[in-house]
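Coordinates in review
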Amino acid sequence: MSEKTYLSSHLREYGMIMALVAIVFFFTVIVRASIDVDFLSAQNITNLFLQNSYVIIMALGMLLVIVAGHIDLSIGSVVGFTGAVAAVLTVNLGWPVLAVIPACLIVGGLIGAAQGYWVAYWKIPSFIVTLAGMLVFRGLTLWLLNGQNIGPFPRSFQSLSTGFIPDLFGDADQALLGLERLNGTALLIVVVAACLVVWLGLRKRAQDAGFGVTPEPAAVFWIRNAIVCGALIFVGYKLAIFRGLPNVVMVLAVLTVIYAFFTEQTTSGRRIYALGGNEKAAKLSGIKTERLVFFCFVNMGVLAALAGMIVAARLNSSTPKAGAGFELDVIAAVFIGGASMTGGSGKIVGVVVGALIMGVMNNGMSILGIGIDYQQVIKGLVLLAAVIFDVYNKNK
Amino acid sequence: MTTLLEMRGISKLFPGVRALDHVNLSVEAGEIHAICGENGAGKSTLMKVLSGVYPHGSYEGDIVYDGETVAMKSITESEAKGIIIIHQELALVPLLSIAENLFLGNEVAKAGVINWPLAFQKTSALLQKVGLNEAPTTIVGKLGVGKQQLIEIAKALAKDVRLLILDEPTAALQENDSQKLLDLMLELKAQGVTQIIISHKLNEIGRVADRITIIRDGSTVSTLNRADISEDRIIRDMVGRDMAHRYPERTPNPGEVLMQVKGWNVFHPDQKDRQMIRNAAFTVRKGEIVGIAGLMGAGRTELAMSLFGHSYGRNISGEIAMGGKPVDTSTVTKAVAAGLAYVTEDRKALGLILEEPILRNISLANLAGIARRGVLNQRREAQVAEDYRRAMNIRTPNVQQKVVNLSGGNQQKVVLSKWLFTDPQVLILDEPTRGIDVGAKFEIYNIMNQLANDGRGIVMISSEMPELLGMCDRIYVMNEGRIVGELSRAEASQERIMAMILNSVGKAA
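Predicted, not measured: the structure shown is a model, and the values here were computed from it.

Reading the values: the criteria
- Residues numbered from 1 in each chain as written.
- Chains lettered and ligands numbered in written order.
- Predicted model: local features only at pLDDT ≥ 70, side-chain atom pairs only at ≥ 80, totals over all residues.
- Helix = DSSP H or I, 4+ residues; strand = E, 2+ residues; numbered from the N terminus.
- Rg over C-alpha atoms; globule rule 2.2 N^0.38 Å.
- Buried ≥ 20, exposed ≤ 12 C-beta atoms within 10 Å, placed from the backbone.
- Contact = placed C-beta atoms within 7 Å.
- Domains from an automatic or database assignment.
- Nonpolar A, V, L, I, M, F, W, Y, C, P; charged D, E, K, R; others polar.
- Pairing = 2+ DSSP bridges.
- Axes fitted to C-alpha atoms, helices over the stretch in contact; angles between N-to-C directions.
- Core = buried A, V, L, I, M, F, W, Y, C linked by C-beta atoms within 7 Å.
- Expected span 1.5 Å × (residues − 1).
- Parallel < 35°, antiparallel > 145°, perpendicular 65-115°, else oblique.
- Left-handed = near helix turned anticlockwise from the far one by under 90°.

**Regarding the overall build of chain B**
Along chain B, the regular secondary structure elements total 17 helices and 24 strands. Over its C-alpha trace chain B gives a radius of gyration of 24 Å, about what one expects of a compact globule, namely 23 Å for 509 residues. Reported as C-alpha extents along the three principal axes, the dimensions of chain B are approximately 70 × 50 × 50 Å. For chain B, buried positions account for 46% of its 509 residues. In chain B, 68% of the contacts between residues at least 6 apart in sequence involve partners at least 24 apart.

**Some words on the domain arrangement of chain B**
For an interface, size is often stated in terms of accessible area lost upon the parts coming together. Residue and element names in this part refer to chain B. Assigned domains of chain B: these are domain 1 (1-82 + 162-244), domain 2 (90-159), domain 3 (257-339 + 424-509) and domain 4 (347-423). Put simply, the middle of domain 1 and the middle of domain 2, counted by C-alpha atoms, are 26 Å apart. Tallying the contact residues gives 10 residues for domain 1 and 9 residues for domain 2. The element contributing the most residues to the side of domain 1 that touches domain 2 is helix α6 (residues 175-190), with 4 residues. Of the residues assigned to the side of domain 1 that touches domain 2, the class counts are 6 nonpolar, 1 polar and 3 charged.

**A few points about the interface of chain A and chain B**
The partner chain B presents 25 residues to the 21 residues of chain A that form the contact. The biggest single contributor to the side of chain A that touches chain B is helix α12 (residues 267-277) of chain A, with 5 residues. The class makeup of the residues in the side of chain A that touches chain B is 5 nonpolar, 13 polar and 3 charged.

**Observations regarding the pairing of strand β11 (residues 211-216) of chain B**
Consecutive side chains along a regular strand alternate between the two faces of the sheet. Residues and elements named next belong to chain B. When strand β3 (residues 32-36) meets β11, the two strands line up parallel, connected through 4 bridges. Along β11, the bridge assignment pairs Cys36 with Ile214. Pairing analysis gives 6 bridges linking β11 to strand β12 (residues 219-225), with the strands arranged antiparallel. Bridging from a neighbouring strand, Thr213 pairs with Thr223 of β12. Counting the residues between successive antiparallel strands, the hairpin from β11 to β12 contains 2 residues, one of them, Asp217, with a positive phi of roughly 50°.

**Digging into the sheet that holds strand β23 (residues 474-479) of chain B**
Residues and elements named next belong to chain B. Taken in spatial order, the 6 strands line up as β18-β21-β22-β15-β23-β24 in an open sheet, and their pairing is mixed. The sheet terminates laterally at β18 (340-343) and β24 (482-488), the two strands that pair on one side only. Strand-to-strand twist in this sheet, taken as the mean axis angle between neighbours without regard to direction, amounts to 20°. As judged from the 6 bridges shared by β23 and β24, these two strands associate in the antiparallel manner. Bridging across to β24, Ile475 finds its partner in Leu487.

**Description of unusual backbone geometry**
That bond from Gly151 of chain A to Pro152 of chain A is cis: its omega, -15°, falls within 30 degrees of zero. Despite not being glycine, Asp160 of chain B shows a phi value in the positive range, around 55°. Position of Asp160 of chain B among the secondary structure elements: in the loop between α5 (145-158) and β9 (163-167). The exposure class of Asp160 of chain B is exposed, given the 11 C-beta atoms found within 10 Å. Non-glycine residue Glu168 of chain B carries a positive phi angle of around 45°. Following the sequence through the fold, Glu168 of chain B ends up in the loop between β9 and α6. Classification of Glu168 of chain B as partly exposed rests on a count of 19 C-beta atoms within 10 Å.

**Focus: the sheet that holds strand β14 (residues 275-285) of chain B**
All names here are of chain B. Read across the sheet, 4 strands follow the order β14-β13-β16-β17 without closing on themselves; strand pairing throughout is antiparallel. On the outer flanks of this sheet lie β14 and β17 (325-326), each paired with one strand and no other. Relative to β14, strand β13 (residues 257-267) runs antiparallel, the two being bridged by 7 bridges. Among the inter-strand pairings, Val266 is bridged to a residue of β14, identified as Ile277. Against the sheet, helix α9 (residues 300-307) touches β13, β14 and β16 (314-322), its axis set at about 70° to β14.

**Things to note about the nonpolar core**
The biggest cluster of nonpolar side chains holds 186 residues, and the ones touching the most others in it are Met58, Ala59, Leu63 and Val334 of chain A. The element contributing the most residues to this core is helix α14 (residues 289-315) of chain A, with 19 residues. If you count residues domain by domain, this core takes at least three from each of domain 3 (257-339 + 424-509) and domain 4 (347-423) of chain B.

**Remarks on the environment of Pro252 of chain B**
Residues and elements named next belong to chain B. By the element assignment, Pro252 lies in the loop between α8 (231-239) and β13. The partly exposed category is assigned to Pro252, around which 15 C-beta atoms lie within 10 Å. In this structure, the C-alpha to C-alpha distance between Pro252 and Ala452, residues 200 residues apart in sequence, is 8.3 Å. Beyond its immediate stretch of four places on either side in the chain, Pro252 contacts Glu288 and Asp473.

**Observations concerning helix α10 (residues 218-240) of chain A**
In a regular helix each residue adds 1.5 Å, so 23 residues correspond to 33 Å; α10 of chain A covers 32 Å between its end C-alpha atoms and thus fits that length. Those residues of α10 of chain A that sit buried are Val235, Gly236, Leu239 and Ala240 of chain A.

**A look at the packing of helix α4 (residues 75-92) of chain A against helix α5 (residues 97-122) of chain A**
Residue and element names in this part refer to chain A. With their axes 10 Å apart at the nearest point, α4 and α5 run at an angle of 150° to one another. Compared by their axis directions, α4 and α5 come out roughly antiparallel. In this structure, α4 crosses over α5, and the sense of that crossing is right-handed. Residues Val78, Thr82, Val85, Ala86, Leu89 and Thr90 of α4 pack against Val97, Val100, Ala103, Cys104, Val107, Gly108 and Ile111 of α5. For the contact of α4 with α5, a count of residues per class yields 10 nonpolar, 3 polar and no charged.

**Remarks on the packing of α5 of chain B against α6 of chain B**
All names here are of chain B. Between α5 and α6, the shortest axis-to-axis distance is 9 Å and the interhelical angle comes to 15°. With respect to each other, α5 and α6 are oriented roughly parallel. For the pair α5 and α6, the crossing hand works out as right-handed. Contacts from Gly146, Gln149, Leu150 and Ile153 in α5 reach Asp177, Lys180, Leu181 and Leu184 in α6.

**Re the pairing of β24 of chain B**
Taking burial as the measure, the 7 residues of β24 of chain B include 5 buried ones, the bulk of the element. Taken together, β23 of chain B and the strand that follows it, β24 of chain B, pair antiparallel across an intervening segment of 2 residues, in which Glu480 of chain B is found at a positive phi of about 45°.

**Section: the environment of Thr433 of chain B**
All names here are of chain B. Take Thr433: it is sitting in the loop between β21 (426-430) and α15 (438-453). Note: C-alpha distance between Thr433 and Glu443 (10 residues apart in sequence) is 9.9 Å. Those residues in contact with Thr433 that lie beyond four places of it in its chain are Lys441, Ile444 and Glu467.

What follows is the structure, given as structure tokens:
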């Protein structure tokens, strides 16, 4: 198979990466030309991750929900509610941060369980259940906060969002490379990550050859890896010369790896795809479909709670409006990332890239001073275009 | 007689595949013309060319209809000429009434306002024509498949049909509904409607067809006149080889009892008081193929699915023993663990995940078999799938192919592989050869024999009596939820099975 035919049959996957690269390139040029600012500056890259971490984190859980053939509209409200719980516990009741974090995750899990129960065991459409949840938890957020902001959080809680991985090497590396500021740990981590990506890719390639799968042509493989690793190391370097790796990025990276592994390599992950692909057939194959759907919602609730705390930590206060409309960004990211609307397909990597595309656009358009009105229009059109592209590709 | 339709040298290319290769077809006015061929031979493609689904220009060759060369660009154009196709999958809207369905897109209306009295009147006339005694306001979804098929025909009649194409019209029908449909076809013929029927059922073709064209691998093999039609000849032309024996030989060697069911009772899942299975009891021995005969609705599928993980019904009671020990099969997982497997009659809806590749479908019921502590070993998964591909002769370039791209016979082999990978002692095969072609049927029979020879027990549910008679060592006959008789291979005949069914009617347990 030539490179060309291979690329055209896997257009969606490569198209996503190319689109992300193109969008970044576009903003770099435009931002430089119009307001003479470096879009890829260390500070902006750090900001980009801090601003969008919550979307990516929730998109991981939303992918599972959507693959299982459902939807969760309540997550924006759950973000607000768990943020409020965190604020009440830390600020009003003075709980230690190490107790607040698990408590909030449990609250999120319980919320997910409460909604998942009706969806999984009573077969109530998830759209309805979570639409109800969206209203209920927004209301409860207002009630809990009494309509006011609660803050500020103690320093240790804020570090959830605004903290950085400390540099283990001290100043030695800076002297070595002659740079004023360099976080050696951050650089080391991304270099190791890049090596891992290549190694895992090579391993999968060898495996695929053993399966009789048409392997990715060597040229395509190396170009793709060069782009991915180049981007990784570039971003890592930029972060390293600023303030290091944000805690949030580490959480994000770890979660992405865990969920990618879960969806692709475990029996439970596989069963969720089977359930989304054909629930009746999955059931007749001995798969406990109800339990899996229930799990997907519990998992979504936990991730929404994590996002809720990160958002609260970043704003340094809990507000009644926190998280409003997040569900739409998250769902959009999942569909831009190539998940099927009817369930049964979609990949973690795709979702992360989809979320990054949304994030880069948010950030870039804000820097350019494009009004929120146009931003919404543009994001909407991008979502529509991505899905049209999917459908067109499938029918071709 | 005049020729109504002549298709000359029709060729149709799909990317990488020549689906039709210079096919010729000539249909006389007023005849019933049958088209036969294995799945994938090109029958449906040919009909899609004829009905304008594939517009003029996307194929090569000429279509001469009613004396003039036609170039149809769409279904609308072909329908305007009176060419109407009834597809295998019915195209009715289940939530609308008969009248609404009959005139869908063709409403009895002026300026967009529907004239209901006139529509109902026309509907009644059409229903009478097809011999269906239903009110025009009846919701279509509440009718059985047989009646829905008649409504499809009424819908065609509403459009002044001249050439009616029926694509496997009886595939989903039970025996007496099929007979009604065939009678209707003959009646329409008497009224001058030319018909083309695509069918796998050779006895039906023999009953209604005046001529028959056989297609193999995208080419016309032969066109036979009524006088020359014989099953052997048709099969030979279809598969390109003699098939002296439609059922492979096997010397049965039944061993000890593998599975024993006693006093099995099942109630309808929605209607609490309606008992679907009454006091059913049967045994399956090692190395035995046991048939379950019965008409559609006799409760065969309900019996099988309730045994397998209580997948059907409620208030289920009774005993199952495997190898002499009582077992619990109340969930699918437990049933599989007890050594039971059920291959569904509806492989697309209940058996396969169509958009997933072959290897993922094969491993689905036994993911533990390719995983350690919940982590999949994908190399092993591919190996397993590859082994089954070879053993079952699943025709596919590789096991990464999506199942949706396979033919019916190969899909069935994937479902069988899936269940064999759970290593069952007893397999219940529900209509294992439904909708698959003669060649693939033969392969499925061979696989069944092989499984029996390996010492597994097989329960075969089938609506095709010759198939049961040809394959089974013993046959249970079911009717109205009860097992009403048991026949050994030597005793069994179509007449005796039918007699058992008819004699049992109305005798409540």
